Amino acid sequence: MLLINFKAYAQSSGEKALEIAKTCEKVSKKLKKNIGIVPNCLDIVNVSGKTKIPVFSQGVSVFEPGAHTGSTTAFSLKRVGVKGVVLNHAENKIEKAILKKAIEISKQYKLKVLVCAKDIKEAAYIAKLSPDYIAIEPPELIGGKISVSTAKPEIISKGVKKIKSINRQIKVLVGAGVHNKEDVRKAISLGASGVFVASSVCKAKNKRKIIEELAGGLK
Ligand code: G3P
C-alpha cells in the first residue's frame, strides 16, 4: 500500500485535498495498486464522502460519543465512511495508556489501525498491541530529501523481522523522506508491505506524476 499523509500542508488542504484524493483514485484504478490517504480532520468528511479509496484519520479520541468537547470519536469517523486511523505519529505522539485505549476503541468500531514507531524498540512494543499496520519512521528523516530506504535500510529489514516475530499478521509500512520509485522498491525488497509518505506528494507541482511514480514502485 501507498499511504499518503496530507498532514496540515496548505497544498493538501481544502479543495486541494479532494483533488489529490481524486488523483489517487484514478492512479489506483489505472495501476491496480492500493493507495490510501490521510487527510486533515477538517477535510475528512468531504473527502471520504467523495472517494472510493481508503481514507484514514490523523487521529481518534478514546471516548464513546458524549460530552467530550474537542473529540473526534471512532463512532463519528466510521459514520462518515473513514476506514482507519493513524496513531502515534512522530508529530503527534500519544502516551502508552492512551494509545492502548485508542487502538481498542478503533477496533471496536471496525476501523483499521496504523501505529507509527520511531525505531525498532518502539515497534516491538506496539506490535504487542496488535494493530493492523505499523509504520516505522525515523523522525530525523521525516520531511527530508534522504529516504529511510537509503539512510537506514537495516531499520526496515530488522524492523520487519522483529514485528513479524511478535505478530505475523501486522503489515509493516516505512516512511520518512521517501520520494521516488527506487525508495519504494528498496523498502519493498527489504520486507515492507508499503510506504507512508507526505512531503514528496503534498509539495509536488505535478502530484499525479509523483503518485504514479511511487505507486509504480509497489509490488
Ligand atoms: O506520515 C508520513 C510522514 O511522516 C513522512 O513524511 O514528508 O518524510 O514523506 P515525509
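Structure: above.
Definitions and cut-offs
- Numbers given to residues run from 1 along each chain, matching the order in which its sequence is written.
- In view of the model being predicted, local features appear only for residues whose pLDDT reaches at least 70, and side-chain atom pairs are presented and counted only at 80 or more, with totals across whole chains, interfaces and linings using the full set of residues.
- Note that the side-chain values use all heavy atoms of the structure and ignore hydrogens as well as water.
- Secondary structure elements follow DSSP: runs of H or I no shorter than four residues count as helices, runs of E no shorter than two count as strands, and numbering proceeds from the N terminus.
- Computation of the radius of gyration draws on C-alpha atoms, with the globule rule given as 2.2 Å multiplied by the number of residues to the power 0.38.
- Burial status follows relative accessibility: with a 1.4 Å probe on protein chains alone, a residue under 20% of its type maximum counts as buried, one over 50% as exposed, and anything between as partly exposed.
- Throughout, a contact is declared for two residues whenever any of their heavy atoms are within 4.5 Å.
- Computed with the Shrake-Rupley method and a 1.4 Å probe, the accessible areas treat only the protein chains shown as cover for residues.
- Whether a residue is near a molecule or strand depends on its heavy atoms: it is near if one of them lies within 4 Å of it.
- Here a polar contact means two N or O atoms within 3.5 Å. Within protein one must be a hydrogen donor candidate and the other an acceptor candidate, and residues neighboring in sequence count only if both atoms are side-chain atoms.
- Definitions used for this entry: grid spacing 1 Å over protein atoms alone; cavity, a set of points where a 1.4 Å probe fits but cannot get out; pocket, an open set with protein on both sides within 12 Å along at least 5 of 7 lines; lining residue, one with an atom within 4 Å of a point.
- Assignment of a molecule to a cavity or pocket requires that more than half of its atoms lie within 2 Å of the corresponding grid points.
- Side-chain classes are defined by residue name, with Ala, Val, Leu, Ile, Met, Phe, Trp, Tyr, Cys and Pro counting as nonpolar, Asp, Glu, Lys and Arg as charged, and the others, Gly among them, as polar.
- Only the stretch in contact is used when a helix axis is fitted, and all axes are lines through C-alpha atoms; the angle between N-to-C directions ranges over 0 to 180 degrees.
- By the definition adopted for this analysis, an angle is roughly parallel if under 35 degrees, roughly antiparallel if over 145, roughly perpendicular if from 65 to 115, and oblique otherwise.
- By the definition used in this description, the sense in which the near helix is turned from the far one sets the handedness, with an anticlockwise turn below a right angle giving left-handed and a clockwise turn giving right-handed.
- Grid points are joined across faces, edges and corners, and a volume is the space filled by probe spheres set on the points.
- Throughout, the arc means the angular range of directions from the helix axis out to the C-beta atoms.
- Here the nonpolar core consists of buried residues drawn from Ala, Val, Leu, Ile, Met, Phe, Trp, Tyr and Cys, with membership extended through side-chain atoms lying within 4.5 Å.

Trainee: Describe the overall build of the protein, listing the residues and the values that go with them.
Mentor: Tallying secondary structure elements over the protein gives ten helices and eight strands in all. The C-alpha radius of gyration of the protein comes to 16 Å, within 12% of the 17 Å expected for a compact globule of 219 residues. Each of the 219 residues in the protein was classed as buried or not, and the buried ones make up 52%. Intrachain contacts of the protein at a sequence separation of at least 6 include 66% that bridge at least 24 residues. Working note: accessible area of the protein is about 10,600 Å², and carbon and sulfur atoms make up 53% of it.

Trainee: Describe the site of the ligand, and please don't skip the residues or the numbers.
Mentor: Neighbouring the ligand are the residues Asn5, Lys7, His89, Glu137, Ile142, Gly143, Ala176, Gly177, Phe196, Val197, Ala198 and Ser199. Here an oxygen atom of the ligand and a side-chain polar atom of asparagine 5 are 3.0 Å apart. In the environment of the ligand, an oxygen atom lies 2.8 Å from a nitrogen or oxygen atom belonging to the side chain of histidine 89. Protein coverage of the free-state accessible area of the ligand, which is 310 Å², stands at 100%. Assessed atom by atom at 2 Å from the grid points, the ligand resides in the largest pocket. Of the residues that constitute the shell around the ligand, the class distribution is five nonpolar, five polar and two charged.

Trainee: Please provide a residue-by-residue account of the packing of helix α5 (residues 120-127) against helix α7 (residues 153-166), values included.
Mentor: At a closest axis distance of 9 Å, the pairing of α5 and α7 adopts a crossing angle of 20°. On the basis of their axis angle, the class for α5 and α7 is roughly parallel. The element α5 and its partner α7 pack so that their crossing is right-handed. In this structure, α5 contributes Ile120, Ala123, Ala124 and Ala127 to the contact, and α7 contributes Glu154, Ile155, Lys158, Gly159, Lys162, Ile163 and Ile166. Of the residues assigned to the contact of α5 with α7, the class counts are seven nonpolar, one polar and three charged.

Trainee: Any details on the layout of surface pockets? Residues and values, ideally.
Mentor: Size it by volume and the largest pocket reaches roughly 270 Å³. Taken together, 19 residues make up the lining of the largest pocket; nearest its centre are Gly143, Gly144, Ala198, Ser199 and Ser200. For the lining of the largest pocket, the secondary-structure elements that each account for two or more residues are β8 (194-197) and α9 (199-202). When the residues that make up the lining of the largest pocket are grouped by side-chain class, the tally is seven nonpolar, eight polar and four charged.

Trainee: Lay out helix α8 (residues 181-189) in plain terms, naming residues and giving numbers.
Mentor: Those residues of α8 lying buried are Asp183, Val184, Ala187 and Ile188. Projected down its long axis, α8 shows its buried positions confined to an angular sector of 130°, all on one face. Against the buried residues of α8 lie α6 (148-151), α7, β7 (171-175), β8 and α10 (207-216). For α8, the capping residue at the N-terminal end is asparagine 180, with a side-chain oxygen 3.1 Å from the backbone nitrogen of glutamate 182. Positioned one or two residues after α8, glycine 191 has a phi angle of 115°, which is positive.

Trainee: Which residues make up the nonpolar core, and what values do they have?
Mentor: Leu2, Ile4, Ile37, Leu87, Ile134 and Ile211 are the most contacted members of the largest nonpolar core, which has 61 residues in total. Residue contributions to this core peak at six residues, all from helix α1 (residues 15-31). Excluding residues within four positions of it along the chain, leucine 2 makes contact with Asn34, Ile35, Gly36, Val195, Val197, Ile211, Leu214, Ala215 and Leu218. Phe56, Leu114, Cys116 and Phe196 belong to the second-largest nonpolar core, a separate cluster that totals eleven residues.

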